[in-house]
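# Coordinate analysis (summary)
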Amino acid sequence: MSPVRTELTTTEKLNFSEIPEWVLNVARVLNMKGFQTYLVGGAVRDLLWGEHPSDWDLASDALPEEIGAMFPKTIASGSKYGTMTIMNEGNQLEITTLREDLHYSDGRHPEIVHFGKDICLDLARRDFTINAIAFDLTKRELIDPFGGRRDIRRRLLKAVGDPARRYHEDGLRMFRFYRFLATLDVQAHRQTEQAINAESAIGVSNERIREEFSKLLIGPGVGRALSGLKKSGLLGVFLAELLNEGQHLQKGFQKKSLWQHSMEAAMTINPQLQLRLAALLHDVAKPLTQSIDSDGIHFYNHDQIGSELSRVIMKRLGYPRQLVDRVSTLIRWHMFFINEQTSDAAIRRLIVKVGPQYIPDLLELRRADIVASGRVDYHTWENWQALSGRINDILNAQTTRNPFYPVINGTDLIKHFQLQPGPIIGEVLRYLQETLLDDPALNQKPALLKLAEDYLQARIKT
Ligand code: ATP
Ligand code: MG
């Protein structure tokens, strides 16, 4: 067996010289007070691969309150017990007190946490061997009791110890497994993947699943991670709606299952969280809305219902409101098709409903939907290009006469007509906006005030 402590090789030395001065300074302060300090987690892994770490994790035998006293600007992060966070110009550094987890009862939180002094015991509680290497910042040595460096070389994602036991202790590790499979260029260790099971996921909070799932979604290996989530049964724990096929889909009226289509759309769309979520959920209401007649299978209103259902799902997973709105709006309008009869006003209405800034997202979702449906014939592309062209023409033409937002606002109306602030102001503004969608040339102050006057007068009469 190779020794646990080893010096850096010459090439590794170069990579480790990348550790920023402010991180080294934190370690120096801890050392001066007599505490051990190690670089741990993803930063060591990334440096060994010659990559740039995104954040820095330190482990020390200093207790959280001692760390707090040494570094006044620390935040005690609630999610990880015993972790203190230091911010430095947008970068963050987490210091976790060395610990051993002794008992797990709820499949997520260790029952007894022992703060300790032994880095090897601290590494033993970590999830994967490539994440269980420490770098002693004082002695400049690597501490690698679980063959992490070898697995770094082999690019192997392997549990520390017996995977089934480790998942049983903390079910989140299974989601982390797929997150790393999606984000890192690694191969799955067979037994580590085979041990993944849905029962061990009971007790893992939706919030923690969401954090890992969101990272997984934007990773280059999203396809294999999503397949793994489905195959292992983990998907059913937090996103069972995507496994629903409904009666007709099950009978194979569509070439692809809902899952297959959604996954392919998510794989092809640009790697941004709102897009990946929209792609994954855009057809989620198909099983609920399917009907069949002599013309074939239909999914009437699946865009509308899917938009609502995706809201429910994303809220359940605790996504922020803005993201929920953005994704569900994209899903709501993903079926907007045009033909020769479609008027400019109809396209302007679409732009207002989606929001001009989110139009590129809608076009990207439409593109991914086409690619994933396998109907990439000339006609579908032509249609996509026509829609894209019409939207762009309208968006480009709007610089002089913006049809989306009237050049007057509520304050102008209040002043000009000596109105009291109230719902009538919003009503007039909406009327003006609607009118502009039909005729953008009216977007000038005098014309709008005249329109508003007529509207208010008609309103008084009724
Ligand atoms: P990233 O580069 O994305 O930050 P990371 O490996 O640093 O990846 P973190 O979530 O920041 O991931 O966790 C830091 C380290 O803490 C991990 O590398 C791992 O050693 C350990 N860790 C985190 N969560 C768990 C867990 N649930 N079970 C065991 N060890 C964990
Ligand atoms: Mg990290």
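Just so it is clear, the model here is predicted, and its values are computed rather than measured.

As a structural note, the neighbourhood of ligand 1 is formed by 14 residues, with R45, D170, R173, R176 and R179 the closest of them. In the environment of ligand 1, an oxygen atom lies 3.1 Å from a nitrogen or oxygen atom belonging to the side chain of R126. R179 places a polar side-chain atom, nitrogen or oxygen, 2.6 Å from an oxygen atom of ligand 1. About the coverage of ligand 1: the protein hides 87% of its 600 Å² of free accessible area. The element best represented in the shell around ligand 1 is helix α8 (residues 172-183), accounting for four residues. Of the residues belonging to the shell around ligand 1, the class tally is one nonpolar, three polar and 10 charged.

Here we come to the sheet that holds strand β10 (residues 141-143). The strand order β1-β10-β9-β2-β3-β6-β5-β4 describes an open sheet built from eight strands, whose pairing is mixed. Two strands lie at the open edges of the sheet, namely β1 (5-7) and β4 (74-77), each paired on one side alone. Between one strand axis and the next, the sheet turns through 30° on average, direction left out of account. Pairing of β4 with strand β5 (residues 83-88) involves four bridges; the strand directions are antiparallel. Of the residues in β5, the one forming a bridge with I75 is T85. Against the sheet, helix α2 (residues 21-32) touches β2 (37-40), β3 (56-60), β5 and β6 (91-97), its axis set at about 25° to β6.

Quick look at the domain arrangement of the protein chain now. In terms of domain boundaries, the protein chain breaks down into domain 1 (5-154), domain 2 (272-397) and domain 3 (410-461). Each of domain 2 and domain 3 was reduced to a C-alpha centroid, and the two centroids are 32 Å apart. With four residues of domain 2 in contact, the opposing surface of domain 3 contributes five residues. For the pair domain 2 and domain 3, the summed buried surface comes to about 460 Å²; carbon and sulfur atoms form 52% of the total.

In this model, helix α24 (residues 445-461) (17 residues) spans 24 Å end to end at C-alpha, consistent with the 24 Å of a helix rising 1.5 Å per residue. Among the residues of α24, L448, L449, L451, A452 and L456 are the ones counted as buried. When α24 is viewed along its axis, its buried side chains cluster within an angular range of 160° and face the same direction. The outward face of α24, more than 90 degrees from its buried face, is lined by the exposed residues P446 and K461. Looking at the buried side of α24, the elements it contacts are α22 (410-417) and α23 (423-438).

Backbone geometry at R140 places phi at a positive 55°, although glycine is not the residue there. Examined against the element boundaries, R140 turns out to sit in the loop between β9 (134-136) and β10. In this model, N301 sits at a positive phi of 65°, which is unusual for a non-glycine residue. The exposure class assigned to N301 is partly exposed, which follows from its relative accessible area of 45%.

Before going further, it helps to spend a moment on the packing of α23 against α24. In the contact formed by α23 and α24, the axes pass within 10 Å of each other and the chain directions differ by 125°. On the basis of their axis angle, the class for α23 and α24 is oblique. The two elements α23 and α24 meet at a crossing, and its hand is right-handed. Of α24, the residues touching α23 (which contributes I424, E427, V428, Y431, L432, T435 and L436) are L448, L451, A452, Y455, L456 and R459. Residues that form the contact of α23 with α24 fall into these classes: 10 nonpolar, one polar and two charged.

Another point: the packing of aromatic side chains. Taken as a whole and assessed by the stated rule, the structure comprises eight aromatic pairs. Residues F16 and F135 carry aromatic rings whose centres are separated by 4.5 Å and whose planes lie at 50° to one another, so their mutual orientation is tilted. Placement of the pair is F16 in helix α1 (residues 10-16) and F135 in strand β9, with a sequence separation of 119 residues. The same class applies to F16 as to F135, namely buried. Here the aromatic rings of F213 and F238 are separated by 4.9 Å at their centres, their planes lie at 75°, and the arrangement is edge-to-face. Here F213, found in helix α10 (residues 206-217), pairs with F238, found in helix α12 (residues 235-238); they are 25 residues apart in sequence, far enough to count as distant. By relative accessible area, which is 3% here, F213 ends up buried.

To continue, consider the nonpolar core. Ranked by internal contacts, the top residues of the largest apolar core, which has 106 residues, are I19, L39, F213, L216, L226 and L229. Considering every element that reaches this core, the biggest residue donor is α8, with eight residues. Among the domains, domain 1 (5-154) and domain 2 (272-397) are the pair contributing at least three residues each to this core. With sequence-adjacent residues up to four places away left out, L226 is seen in contact with F213, L216, L217, W259, M263, A266 and L280.

With respect to the helices and strands, the residue T85 is situated in strand β5. Look at T85 and you get buried, because its relative accessible area is 5%. Separated by 11 residues in the primary sequence, T85 and T74 place their C-alpha atoms 5.3 Å from one another. Sequence-distant contacts of T85, defined by excluding residues within four places in its chain, comprise K73, T74, I75, S77, Q92, L93 and E94.

Cut-offs used in this document
- Counting restarts for each chain: residues are numbered from 1 in the order of the written sequence.
- A letter from A marks each chain and a number from 1 marks each ligand, given out in the order of writing.
- With the structure being a predicted model, the display of local features is reserved for residues of pLDDT at least 70 and the display and counting of side-chain atom pairs for 80 or more, all residues being used for whole-chain, interface and lining totals.
- Side-chain measures were taken over the full set of non-hydrogen atoms in the model, leaving aside hydrogen atoms and water.
- Note on terminology: near, applied to a residue and a molecule or strand, indicates that one of the residue's heavy atoms is within 4 Å of it.
- In the analysis that follows, any N or O atom pair within 3.5 Å is treated as a polar contact, provided that within protein one partner can donate a hydrogen and the other can accept it, and provided that, for residues neighboring in sequence, both atoms belong to side chains.
- All accessible-area figures derive from a Shrake-Rupley calculation using a 1.4 Å probe, and residue coverage is judged against the displayed protein chains alone.
- Secondary structure elements follow DSSP: runs of H or I of four or more residues count as helices, runs of E of two or more count as strands, with numbering from the N terminus.
- Gly is put with the polar residues, along with every residue not named as nonpolar or charged; the nonpolar set is Ala, Val, Leu, Ile, Met, Phe, Trp, Tyr, Cys and Pro, and the charged set is Asp, Glu, Lys and Arg.
- By the convention used here, strands pair only if DSSP detects at least 2 bridges between them.
- Fitted lines through C-alpha atoms serve as axes, helices being fitted only where they are in contact, and the angles separating the N-to-C directions of these axes extend from 0 to 180 degrees.
- Note on definitions: a residue-residue contact is assigned when non-hydrogen atoms from the two residues lie within 4.5 Å.
- Throughout, the edges of the domains are those of an automatic or database domain assignment.
- The term buried area refers to how much accessible surface (probe radius 1.4 Å) is lost by two components on association, counted for both of them together.
- Expected span of a helix, by definition, is 1.5 Å for each gap between consecutive residues, and there is one gap fewer than residues.
- Buried residues are those whose accessible area, probed at 1.4 Å on protein chains only, stays under 20% of the maximum for their type, while exposed residues exceed 50% and partly exposed ones sit between those limits.
- Within this analysis, the arc is defined by the directions that extend from the helix axis to the C-beta atoms.
- Angles below 35 degrees are treated as roughly parallel, those above 145 as roughly antiparallel, those between 65 and 115 as roughly perpendicular, and all remaining angles as oblique.
- By convention, the crossing between two helices is left-handed when the near helix turns anticlockwise from the far helix through less than a right angle, and right-handed when the turn is clockwise.
- A pair of aromatic rings is counted whenever rings of Phe, Tyr or Trp (Trp by its six-membered ring) have centres within 6.5 Å, and the orientation is called stacked for planes under 30 degrees apart, edge-to-face for over 60 and tilted otherwise.
- To define a nonpolar core, start from buried Ala, Val, Leu, Ile, Met, Phe, Trp, Tyr and Cys residues and group those joined through side-chain atoms within 4.5 Å.

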